[in-house]
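# Chain and residue survey
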Amino acid sequence: MNEVALKEKRINRWITVVSILVPLVVAILFGVKIPGAEPLWFLPPIYATTNGITAVLLLLALWAIKSGNRRMHQNLMNSCIVLSVLFLLMYVAYHMTSESTVFGGEGFVRYFYYFILVSHILLSIAIIPLVLRTYTRAYLGNYESHRKLARITFPIWLYVAISGVIVYLMISPYYAF
């Protein structure tokens, strides 16, 4: 096994640990309320905007790499990762200080909302190892393998970013401030 493959194997072990721990910790913290904390009611529109910006940056990153601008692509993808981490921190902070909001829509809209919500949650869990493995391959200079995995990662990550905005827009009328 060559040196790059060994490094990737070691990094993939950490990616597996992180990919299991992050959803687990988020699920645990989702149920934890900080006693006496003021609700961080201002966070949902901020983290929804973060998702929207991520979606735009993902599209720009695709354009950059298709245009041959590897440096811009790399910077945009790094920004997407930072925004995703910021989203996660704000999301957890909001839910540790606020009760969950119940969606009040009825009929078809209700089914549509829950379809988008459930698919968003499941794919947001699945995207963690995909993003980290795709990033690792580029970092290690394994660009052919990076491109192959990016073809899977990109549309899922884009869906997660866009569906996060849709979920926010659909539930925002029901937030209690």
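Read on for a plain summary of the structure. (Residues numbered from 1 in each chain as written. Predicted model: local features only at pLDDT ≥ 70, side-chain atom pairs only at ≥ 80, totals over all residues. Heavy atoms only, no water.)

## Topic: the overall build of the protein chain
Where we set the bar: Only DSSP runs of H or I covering at least 4 residues are called helices, and only runs of E covering at least 2 are called strands; the numbering of each starts at the N terminus. In this scheme, a residue with accessible area under 20% of its type's maximum is buried, one over 50% is exposed, and one in between is partly exposed, where area comes from a 1.4 Å probe on protein chains only. Two residues form a contact once any of their heavy atoms are found within 4.5 Å. Here the open area of atoms and residues is found with the Shrake-Rupley method and a 1.4 Å probe, where only the protein chains shown may cover a residue.
Per the secondary structure count, the protein chain includes 5 helices and 0 strands. Ordered by position in the sequence, the α and β elements of the protein chain form the string α-α-α-α-α. Based on the C-alpha atoms only, the size of the protein chain along its principal axes is roughly 55 × 35 × 25 Å. Here the protein chain holds 177 residues, and 36% of them are scored as buried. For the protein chain, restricting intrachain contacts to residue pairs at least 6 apart in sequence, the fraction spanning at least 24 positions comes to 78%. As presented, the protein chain carries roughly 10,800 Å² of accessible surface, and 71% of it is formed by carbon and sulfur atoms.

## With respect to the nonpolar core
To be explicit about the condition: Remark: nonpolar core denotes a set of buried residues (Ala, Val, Leu, Ile, Met, Phe, Trp, Tyr, Cys) joined through side-chain atoms within 4.5 Å.
With 18 residues, the main nonpolar core has Leu 58, Ile 127 and Trp 157 as its most contacted residues. Only α2 (43-66), α3 (70-97), α4 (108-139) and α5 (143-171) provide two or more residues apiece to this core. The greatest single-element share of this core, amounting to 6 residues, is contributed by α5. Formed by 15 residues, the second largest nonpolar core is a distinct cluster that contains Phe 87, Leu 117, Ile 171 and Tyr 175.

## Remarks on the pattern of salt bridges
For clarity, the cut-off: In what follows, salt bridge is the name for a side-chain nitrogen of Lys or Arg lying within 4 Å of a carboxyl oxygen of Asp or Glu.
Taken as a whole and judged by the stated rule, the model has 3 salt bridges. Between Glu 3 and Lys 7 there is a salt bridge, with the nearest N and O atoms lying 3.5 Å from each other. Taken together, the positions of Glu 3 and Lys 7, both in helix α1 (residues 3-30) and 4 residues apart, correspond to about one turn of that helix. Put simply, Glu 144 and Arg 147 hold a salt bridge, and the shortest N to O gap is 2.8 Å. Linking Glu 144 with Arg 147, this pair stays in helix α5, spanning 3 residues, or about one helical turn. Judged by its relative accessible area of 39%, Arg 147 is partly exposed.

## So, the side chain of Ser 98
Summarising the element assignment, Ser 98 is placed in the loop between α3 and α4. Beyond its immediate sequence surroundings of up to four residues, Ser 98 is in contact with Lys 33, Pro 39 and Leu 40.

## Structural notes on the packing of aromatic side chains
Put simply, the test is: In summary, the pairing rule links any two rings of Phe, Tyr or Trp, Trp by its six-membered ring, whose centres are within 6.5 Å, and it sorts them by plane angle into stacked for under 30 degrees, edge-to-face for over 60 and tilted for everything else. Look at NZ for Lys and CZ for Arg. If either is within 6 Å of the ring centre and within 35 degrees of the ring normal, a charge sits over the ring.
Scanning the model with the defined rule gives 13 aromatic pairs in all. Their ring planes at 70° and their centres at 6.3 Å tell us that Tyr 47 and Tyr 94 sit as a pair that is edge-to-face. Of this pair, Tyr 47 sits in helix α2 while Tyr 94 sits in helix α3, and the two are 47 residues apart along the sequence. For Tyr 47, a relative accessible area of 6% gives the class buried. Judged by relative accessible area, which is 5%, Tyr 94 ranks as buried. Between Phe 103 and Tyr 114, the ring centres sit 6.3 Å apart and the planes meet at 85°, which makes this aromatic pair edge-to-face. Here Phe 103 is found in the loop between α3 and α4, whereas its partner Tyr 114 is found in helix α4, with 11 residues between them in sequence. In this structure an aromatic cluster arises from ring pairing among Phe 30, Tyr 47, Phe 87, Tyr 91, Tyr 94, Tyr 168 and Tyr 175. The positively charged end of Arg 70 is found above the aromatic ring belonging to Tyr 143, 4.1 Å away from the centroid.

## A short note on the packing of α2 against α3
Put simply, the rule is: To obtain each axis, a line is fitted to C-alpha atoms, and for helices this fit is confined to the stretch in contact; angles are then taken between N-to-C directions over 0 to 180 degrees. An angle counts as roughly parallel when it lies under 35 degrees, as roughly antiparallel when it exceeds 145, as roughly perpendicular when it falls between 65 and 115, and as oblique in every other case. Handedness of a crossing is defined here by the sense of rotation of the near helix relative to the far one, left-handed for an anticlockwise turn of less than a right angle and right-handed for a clockwise turn.
The geometry of α2 relative to α3 is characterised by a closest axis approach of 9 Å and an angle of 165° between their N-to-C directions. What the angle tells us is that α2 and α3 run roughly antiparallel. In this structure, α2 crosses over α3, and the sense of that crossing is left-handed.

## What to know about a nonpolar patch on the surface
Stated precisely, the cut-off is as follows: Each patch is built from salt-bridge-free residues with over 30% relative accessible area, joining like charges within 9 Å and nonpolar side chains (Val, Leu, Ile, Met, Phe, Trp, Tyr) within 5 Å.
Side chains of Trp 14, Val 17, Leu 21, Leu 24, Val 25, Ile 28 and Val 32 sit close together on the surface and give an oily, nonpolar patch of about 660 Å² of accessible area. Structurally, Val 17 is set in helix α1.

On their own, these measurements won't tell you what the molecule is for.
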